[in-house]
Amino acid sequence: IYLCSRMNGSRIFILVFLMLLGVGFLAFYNYRYKESPRTLPRLGNPGHKVGDFSFVNQYGDTVTQEDVNGTIRVVEYFFTTCQGICPKMNENMTEVYKTFRGDKEVKILSHTVDPLTDTVEQMKRYADKHEADGDQWLFLTGPKLDLYKMAIRSYLITAVDDKDYDKTVTPDFIHSQYFVLIDKVNNVRGAYDGTDMKKVKKLIEDIKELKREDIAAAPAQ
């Protein structure tokens, strides 16, 4: 009887030990998963970076690449008089803005594809309608050719041969439903259908991942 009791006690001890070991492993795995950021892809050819630009925002101030370097950016192209996908896109972009409102690490750059219509005054009215803080959600206008070059060469929004730039005059030339995610060092890290809230929620989560990625990459103090 004594021997049987010891054997049963040993089995219970081993069983409890294995259960605790399993719980500990799961806890460690979950901790590492939450603490370690996912690695988002880098789009474009190896070494591709967003290039320099100089546009004007809704206040008439010049905004350059230097002004947004070191921030995570969400980029879109639209025009204020669009009656198609733009209202839905910017309704969804508002959710991105609300999520990160006041976060100096995150900016939204909304470029017009119709600068003739979208003057500074027009962009300001549109920005005010969306209650956009001009330090964080920038509505940008400028020369059409420069806007298009940024879309194609830097943000990879559409694939059109260079020779077609100045042949195109319609505002929907590069009008795309995609939001583009740029990291703090000017890599293109994702493209998301701005008309699809599920994809926009994925964008929001990926922005959080980039913020964690930046923290994880920072040297220990």
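Asks: Explanation requested: the environment of Lys-202 in the structure shown.
Replies: Structurally, Lys-202 is set in helix H6 (residues 197–217). The partly exposed category is assigned to Lys-202, whose relative accessible area is 40%. Considered as a pair, Lys-202 and Tyr-192 are ten residues apart in the sequence and their alpha carbons are 8.0 Å apart. Polar contacts involving the side chain of Lys-202 include one to the side chain of Asp-206, which spans 2.8 Å.

Asks: Just checking my understanding: could you explain the pattern of salt bridges for this structure?
Replies: Side chains carrying opposite charge are able to pair once their charged atoms draw close together. In total, this model carries ten salt bridges according to the counting rule given. A salt bridge links Glu-105 to Lys-184, with the shortest nitrogen-to-oxygen separation between them at 2.4 Å. In this pair, Glu-105 sits in the loop between helix H3 (86–100) and strand S4 (106–112) while Lys-184 sits in the loop between strand S6 (178–182) and strand S7 (188–193), placing the two residues 79 residues apart along the sequence. Residue classification places Lys-184 among the buried positions, given a relative accessible area of 17%. Glu-209 is the salt-bridge partner of Arg-212, the closest N and O atoms lying 3.1 Å from each other. Within this pair, Arg-212 and its partner Glu-209 are both found in helix H6, separated by three residues, close to a single helical turn. Look at the salt bridges and you will find they share partners, linking Asp-103, Glu-105, Lys-184 and Lys-211 into a network.

Asks: Before we go on, may I ask you to explain the environment of Phe-139 in this structure?
Replies: Examined against the element boundaries, Phe-139 turns out to sit in strand S5 (residues 137–140). Owing to a relative accessible area of 0%, Phe-139 belongs among the buried residues under this scheme. For the pair Phe-139 and Leu-109, spaced 30 residues apart in sequence, the C-alpha to C-alpha distance is 6.1 Å. Residues contacting Phe-139, with those up to four places away along its chain left out, are Val-56, Asn-57, Gln-58, Phe-78, Ser-110, Met-123, Tyr-126, Ala-127 and Ala-132.

Asks: Help me understand the pairing of S6 in this model?
Replies: In regular strands, side chains alternate between the two faces of the sheet. Of all five residues in S6, four are buried; the element is thus mostly enclosed. In this sheet, S6 lies alongside strand S3 (residues 72–78) in antiparallel orientation, the contact comprising three bridges. The residue of S6 that forms the bridge with Val-74 is Leu-181. Where S6 lies against S7, five bridges are found, and the strand directions are antiparallel. The residue bridging Phe-179 from the neighbouring strand is Tyr-192, located in S7.

Asks: Teacher, can you tell me more about helix H4 (residues 120–129) here?
Replies: Given 3.6 residues to a turn, an α-helix orients residues that are three or four positions apart in the same direction. Residues of H4 that are buried: Gln-122, Met-123, Tyr-126 and Ala-127. Looking straight down H4, one finds its buried side chains confined to an arc of 135 degrees; they lie on one side. For H4, the exposed residues set more than 90 degrees away from the buried face come down to Glu-121 and Arg-125. Residues of H4 that are buried sit in contact with S3, H3, S4 and S5. The first or second residue beyond H4 is Glu-131, which carries a positive phi of 50 degrees.

What counts as what
Residues numbered from 1 in each chain as written. Predicted model: local features only at pLDDT ≥ 70, side-chain atom pairs only at ≥ 80, totals over all residues. Heavy atoms only, no water. Helix = DSSP H or I, 4+ residues; strand = E, 2+ residues; numbered from the N terminus. Buried < 20%, exposed > 50% of the residue type's maximum accessible area, 1.4 Å probe, protein only. Polar contact = N/O pair within 3.5 Å; in protein donor to acceptor, adjacent residues only side chain to side chain. Salt bridge = Lys/Arg side-chain N within 4 Å of Asp/Glu carboxyl O. Contact = heavy atoms within 4.5 Å. Pairing = 2+ DSSP bridges. Arc of directions from axis to C-beta.

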